[in-house]
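# Secondary and tertiary structure notes
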Amino acid sequence: MTVVYVPGDSGARSVGADAVANALVAKAAERGLDVTVIRNGSRGMLWLEPLVEVVTEAGRVGYGSVAAAEIDELLAAGMLVGAASPNCIGIVDELDWLTKQERFTFARVGVTDPLSLADYEAHGGLVGLRRAIELTPTEVVAAVLESGLRGRGGAGFPAGIKWRTVLETESPTKFVVINADEGDSGTYADRMLLEGDPFLLIEGCVIAGLSVRAEFGFVYIRSEYPDAIATFNRALDVARAAGWLGADILGSGRAFDLEVRVGAGAYICGEETSLLESIEGRRPVVRSKPPLPAIEGLFGQPTLVNNVLTVAAVPFVLANGAAAYQELGMGRSRGTQVFQLAGNVARPGIVELAFGVSVDELVNTFGGGTRTGRPVHAVQVGGPLGAYLPVEQLSLPMDYEALLAAGAMLGHGGIVVFDDGADMWAQARFAMSFCAAESCGKCTPCRIGAVRGVEVIDRISQGTDVAANLVLLEDLCELMTDGSLCALGGLTPLPVRSVLRHFSSAVPASPTPVGPSGGSR
Amino acid sequence: MTCGRALTPYSAEAALAVIREHAGLRGPLLPVLHALVKTFGYLDPSAVPLVAAELNLSRADVHGVVTFYHDFRTTPAATHEIRICRAEACQSVGGEALVASASAKLGVPVGSTQGPIALTEVFCLGLCGLAPAAQIDGQPVGRLDQSQLAGLIDGLQASTA
Ligand SMILES: Cc1cc2nc3c(=O)[nH]c(=O)nc-3n(C[C@H](O)[C@H](O)[C@H](O)COP(=O)(O)O)c2cc1C
Ligand code: SF4
Ligand code: FES
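All residue numbers refer to position in the chain's written sequence, counted from 1. All chains are assigned letters beginning with A, and all ligands numbers beginning with 1, in the order in which they are written. Since the coordinates come from a predicted model, pLDDT governs what is reported: local features require at least 70, and pairs of side-chain atoms require 80 or more to be given and counted, while whole-chain, interface and lining totals use all residues. Note: side-chain values were computed over all heavy atoms of the structure, leaving out hydrogens and water.

This part takes up the site of ligand 1. All names here are of chain A. Any residue with at least one heavy atom within 4 Å of a molecule or strand is counted as near it. Near ligand 1, the surroundings consist of 19 residues, among which Gly153, Glu272, Asn306, Asn307 and Thr310 are the closest. Within 3.5 Å is the distance limit for a polar contact, defined as a pair of N or O atoms, with the added protein rule that one can donate a hydrogen and the other accept it, and that residues adjacent in sequence qualify only through two side-chain atoms. Asparagine 179 places a side-chain nitrogen or oxygen 2.9 Å from an oxygen atom of ligand 1. Note that an oxygen atom of ligand 1 is positioned 3.4 Å from one of the backbone N or O atoms of glycine 183. With the chains in place, 92% of the 610 Å² that ligand 1 exposes on its own is no longer accessible. Helix and strand definitions follow DSSP, with helices as H or I runs of at least four residues and strands as E runs of at least two, each counted in order from the N terminus. Elements represented by at least two residues in the shell around ligand 1 include exactly strand 9 (303-307) and helix 20 (487-491). Per-element accounting of the shell around ligand 1 gives the leading share, three residues, to strand 9. Only Asp, Glu, Lys and Arg are considered charged in this grouping, and only Ala, Val, Leu, Ile, Met, Phe, Trp, Tyr, Cys and Pro are considered nonpolar; every other residue, Gly among them, is considered polar. Among the residues forming the shell around ligand 1, the class breakdown is five nonpolar, eight polar and six charged. Note that accessible areas follow from Shrake-Rupley with a 1.4 Å probe, and for residues the cover is restricted to the protein chains shown.

Turning to the site of ligand 2, a few remarks are in order. In the neighbourhood of ligand 2, 13 residues make up the surrounding shell, with Cys440, Lys442, Cys443, Cys446 and Cys486 of chain A lying closest. Residues of the shell around ligand 2, tallied by class, amount to eight nonpolar, four polar and one charged.

What follows is about the packing of aromatic side chains. Residue and element names in this part refer to chain A. Side-chain rings of Phe, Tyr and Trp, where Trp is taken by its six-membered ring, are said to pair if the distance between their centres is within 6.5 Å; with planes under 30 degrees apart they count as stacked, over 60 as edge-to-face, and otherwise as tilted. Scanning the entire structure with this criterion turns up 20 aromatic pairs over all chains. Their ring planes at 40° and their centres at 6.1 Å tell us that phenylalanine 175 and phenylalanine 218 sit as a pair that is tilted. Of this pair, phenylalanine 175 sits in strand 6 (residues 175-180) while phenylalanine 218 sits in strand 7 (residues 216-221), and the two are 43 residues apart along the sequence. The pair formed by phenylalanine 175 and phenylalanine 218 is uniform in burial state, with each residue classed as buried. Relative accessible area decides the class of each residue, using a 1.4 Å probe on protein chains only: under 20% of the type maximum gives buried, over 50% gives exposed, and in between gives partly exposed.

All names here are of chain A. Counting through the fold element by element, glutamate 30 comes out in helix 2 (residues 17-30). Relative accessible area serves as the criterion here: at 60%, glutamate 30 is assigned to the exposed category. Taking C-alpha positions, glutamate 30 is 52 Å from arginine 254, a pair spaced 224 residues apart along the chain.

With that out of the way, let us pick up unusual backbone geometry. Cis peptide bonds are those with omega within 30 degrees of zero, and the linkage from lysine 289 of chain A to proline 290 of chain A qualifies with -5°. Take proline 290 of chain A: it is sitting in the loop between helix 12 (272-280) and strand 9. Here the bond from alanine 131 of chain B into proline 132 of chain B is cis, since omega is -5°, no more than 30 degrees from zero. Along the chain, proline 132 of chain B turns up in the loop between strand 2 (117-122) and strand 3 (134-136). Here leucine 126 of chain A, not a glycine, exhibits a phi torsion of approximately 75°, which is positive. Here leucine 126 of chain A shows up in the loop between helix 5 (117-122) and helix 6 (127-134).

Any pair of residues with heavy atoms lying within 4.5 Å of one another is described as a contacting pair. Taken together, the contact between chain B and chain A spans 41 residues of the former and 59 residues of the latter. When two parts are brought into contact, each loses some accessible area as probed by a 1.4 Å sphere; the total of that loss over both is the buried area. A buried area of about 3600 Å², summed over both sides, lies between chain B and chain A, and 55% of it is on carbon and sulfur atoms. Ranking the residues of chain B by area buried against chain A places Arg26, Phe68 and Glu88 of chain B at the top, with a combined share of 20%. By convention in these notes, a salt bridge is any Lys or Arg side-chain nitrogen within 4 Å of a carboxyl oxygen on Asp or Glu. Between the two partners, chain B and chain A, sit zero salt bridges. Linking chain B to chain A there are 27 residue pairs in polar contact (both at pLDDT 80 or more). In terms of residue class, the side of chain B that touches chain A is built from 22 nonpolar, 13 polar and six charged.

This part covers the packing of helix 2 (residues 29-40) of chain B against helix 3 (residues 47-55) of chain B. Residue and element names in this part refer to chain B. At their nearest, the axes of helix 2 and helix 3 sit 12 Å apart, and the two run at 145° to each other. In terms of crossing hand, the pair formed by helix 2 and helix 3 is right-handed. Contacts from Leu29, Val32 and Leu36 of helix 2 reach helix 3 at Ala47, Val51 and Leu55. Partitioning the contact of helix 2 with helix 3 into residue classes produces six nonpolar, no polar and no charged. Whenever a helix is involved, its axis is fitted only over the stretch in contact; in every case the axis is a line through C-alpha atoms, and angles between N-to-C directions fall within 0 to 180 degrees. Each helix crossing is assigned a hand: it is left-handed if the near helix lies turned anticlockwise from the far helix by less than a right angle, otherwise right-handed if that turn is clockwise.

Attention now moves to the side chain of serine 92 of chain B. Inspection of the secondary structure puts serine 92 of chain B in the loop between helix 5 (88-91) and helix 6 (95-106). Under the relative-accessibility criterion, serine 92 of chain B is labelled buried at 9%. Engagement of the side chain of serine 92 of chain B in a polar contact is seen with the backbone nitrogen of asparagine 344 of chain A, the distance being 3.0 Å. Among the polar contacts listed, one links the side chain of serine 92 of chain B to the backbone oxygen of valine 417 of chain A, at a separation of 3.4 Å.

Another aspect to go through is the state of the cysteines. Only a pair of cysteine sulfur atoms within 2.5 Å counts as a disulfide in this structure description. The full count for this structure, using the stated rule, is zero disulfides over all chains. Cysteine cysteine 205 of chain A shares no disulfide, and the gap to the nearest cysteine sulfur, in cysteine 269 of chain A, comes to 19 Å.

Below, the discussion takes up a nonpolar patch on the surface. Residue and element names in this part refer to chain A. Taken together, the side chains of Leu145, Phe157 and Ile161 define a hydrophobic patch exposed on the protein surface, amounting to about 230 Å² of accessible area. Turning to its location among the elements, isoleucine 161 is positioned in helix 8 (residues 159-168). Judged by its relative accessible area of 31%, isoleucine 161 is partly exposed. For patch building, the residue pool is restricted to those with more than 30% relative accessible area and no salt bridge; the joining distance is 9 Å between like charges and 5 Å between nonpolar side chains (Val, Leu, Ile, Met, Phe, Trp, Tyr).

We now examine the pattern of salt bridges. Residues and elements named next belong to chain A. Tallied over the full model, the rule gives 35 salt bridges over all chains. A salt bridge links glutamate 224 to arginine 222; its shortest N-O distance comes to 3.5 Å. Owing to a relative accessible area of 4%, arginine 222 belongs among the buried residues under this scheme. Each of Arg13, Asp18, Arg39 and Asp227 takes part in one network of salt bridges that share partners.

Before going further, it helps to examine the pairing of strand 1 (residues 80-85) of chain B. Residues and elements named next belong to chain B. Buried residues dominate strand 1, accounting for six of its six residues. Residues His80, Ile82 and Ile84 point to one face of strand 1 and Glu81, Arg83 and Cys85 to the other, with burial holding for every one of them. Here a strand pair is declared whenever DSSP counts at least two bridges between the two strands. The pairing of strand 1 with strand 2 spans six bridges and is parallel. Note on strand 2: the bridge partner recorded for glutamate 81 is alanine 118. Pairing between strand 1 and strand 3: three bridges, direction antiparallel. Residue pairing in the sheet places isoleucine 82 in a bridge with isoleucine 136 of strand 3.

Here we take up the sheet that holds strand 14 (residues 376-381) of chain A. Residues and elements named next belong to chain A. The strand order across the open sheet built from five strands is 13-12-16-14-15, with neighbouring strands paired in mixed fashion. Each having just a single partner strand, strand 13 (349-354) and strand 15 (388-390) make up the two edges of the open sheet. Averaged over all adjacent pairs, the angle separating strand axes in this sheet is 30°, with direction ignored. As defined by bridge partners, strand 14 adjoins strand 16 (residues 414-419) across five bridges and the pair is classed as antiparallel. Each bridged residue has a counterpart across the sheet, and for valine 381 the counterpart in strand 16 is isoleucine 415. Running at roughly 20° to strand 15, helix 21 (residues 493-502) makes contact with strand 14 and strand 15 of the sheet.

Remember that the coordinates give geometry; whether it matters functionally is a separate question.
Structure follows, in C-alpha cells:
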C-alpha cells in the first residue's frame, strides 16, 4: 500500500486539491493500485499547491501544482514509487525553502494528518502538556516569561506577564479566550494552524488553562474561515473523547474544556475587548481600558486573551525549555515568528524564522520577488494598519522595535508584496475607507476622522486645493493617531503616512515631496 | 440548486425551535443569530422580537447586534453567492478588476443580494497567498483569473436559468 498526502487545507482546496484527491482514488482503483490518501495540512509552499506527496522508502516525494487531469498520466509514469516527472520536486523535507526555516510552531503543519491523535503524539505532540501537568502553575508561567514570548496578535505584549496577571487575580471563574479573528489582509497562519495542526492549539489552550487556573475557554474564529471552524470542531471532539479535554485531563484530575465561537464579519472583533463583547452577545464596541481583560474580562471575570500563534508557541517552550525558544531572535523579539508571504509574490507561503530576518530576505530570497516578474515596488507589513515599505526600507529587520522606529509595525506577520503597477495613492485611500467601514463608532477621531480622510484624499485626487488638503490630511492623521481609543483609528494613519512619505510621486499633483523620502524616520 | 444546503421556509415556530436550541449557551445571542441564518438563509426581521423575548434582551439590544455585523443579512438569500475578496493582498494581483468584471457580467453592483446570483465583497479569506481569492457558494477559489471567473459565472447562470 502506498500512502499519498493531498492537502485538505482550504488554500490547497481553492486551487483544486479535492479534485486531485478524488482523481487519485479513482484512477488508482482503475489501475488496481493500492493507495491510501491522507488529507494533510499545507506545507505552506503555496505556489506549489496542490502539492501531492508520495511516501517512498527514500522519503516523501513531492509533486507540485498537480491538476486532477494529470493524475492518470502521473500514475502511469510511476508517481507511486517517486518517479521523476516535470511536476516532481524531489524529497520535500530536503527542499531549501523548508530546511532554511526554523519551524517550531509549524513543525507538524503539512506533515501529519491533522485529526490523528497518534500522528500528533508520534511527532512530538503532548510533551509540553505532560510537562505542564507535572509543574505548578507558577512554574509554567515562569517558563513562559523566561521564553520571552510576546503576543502574536499584533501588540507584542509579553505573554508571561499577561499569564501571571490572570493567575494572580483571584476568582472562582476565569476564562481563556483565543483570538482567531485573523482579519488582517496578508495573514493566514492562524487559519493554516487551525486546519493543519489543531491539536497544537488545543494543547496550548489546555496548558494556558491549567496555568492561569481557568477551566473553560473560547476560541473565536472568524466566519470567513468555514474550513478552519469545521476542522477545529472535529479536533475538539476527538481530543475530548481521548481525555485531552474535559473533567480529567490526561488523568491529572484537572479540568479544562473549550468551545468555538464564530465571528460574524466585523474586523473590529479582532480587538480583544470588542471580541469579548461579541462573545457576550453585545454590540461589539471597544471597551476602555482599564480594567484589563486579564483582571476583568469575559463576563467580568479574569480572562487570558491570546492570539492563536501565541498559545501555540507554548507547547514548544515547555517541551524544549524556555532557553531553546529564548535563544533565537533579536533584541526584545524572542523566538520565531511565522511570517506569511502574500499578494504579488512568486513563492507565497509560510516562512517561520527567528526574528531579525530582513524584509528583503523574506520577499526576495524566500518569496522570489513578484509573481508578475516586475520590480517590487512596495511591501505592506502587518496588515491593513501596517506601513507600506519602499524598496529602500526592505533591509529593515523583522523586529517589533526596529519596525516601530521606522514608522512601521510587525502586526501578525503578514507581508503583502506589490509590483510597480500599484497605485499607492489608491492604497492610502483604501486604508482610510477600510477604517471608516470597520470603525466601531465609539470615538470621534476614528468614526468621523476616517470618513473625512477619504473625502480629503478624494479632493486631492481631484486637484482641489492640493497643498492645503495635504496639510489637512497630515492633521487628520495626527488627530487619529493621538485621539483614537484603539489601534484601528490609531494606526490607520500608518499606511497613509507611509505613502505620503515614501511614495510621494504617487500623490496627485503634489507640488513638493512631503517629508523625507527613503530611509527611516 | 442551493448553496449545498437545504433551507427551511421561515416560520415563527421553526425560529423558536432554533432559538431554544442554543439559548442555554453562555453568551447565546451570536450562536442563535448564526443558527437562524443557517436554517432560513437569512435573518427574518420578525425573528428579532422572538430572539429578544427568549434571551431576555430588549429588541433594541438585538437590533444593535444584528446591524453591526456583515453576516446577518435580513433579506432572503440568493440561490448562489459569489463573494470576492477586496483586501490588499488580492488588490496587489488584480482583484479589483475581477470585481469590476463580475459586476459587469452579472449586471449588478457589488453588494447585490437580489436575484439568483448574489455578488458580495469580503475583506480577506485567508487565501492571500493564492490571491486573488473568492468564495463561490461557500467554497474557496484561489488564483482566480478573468477567464475562470467568467466560466464560473456562466456555470452558475446556466444552473439558475
Ligand atoms: C483593530 C484591531 C484588530 C485586531 N485584530 C486581531 C486579530 O485578528 N487577531 C489577534 O490575535 N489580535 C488582534 N488584535 C490585537 C488584540 O486586540 C489583542 O492584542 C490580542 O488578541 C492579544 O493577544 P496576544 O497578546 O497573544 O497578541 C487586534 C487589535 C485591533 C486594535
Ligand atoms: S478607534 Fe475606531 S474602532 Fe477603535 S474604539 Fe475608536 S471608533 Fe472604535
Ligand atoms: S487579502 Fe484576499 S484573501 Fe486575504
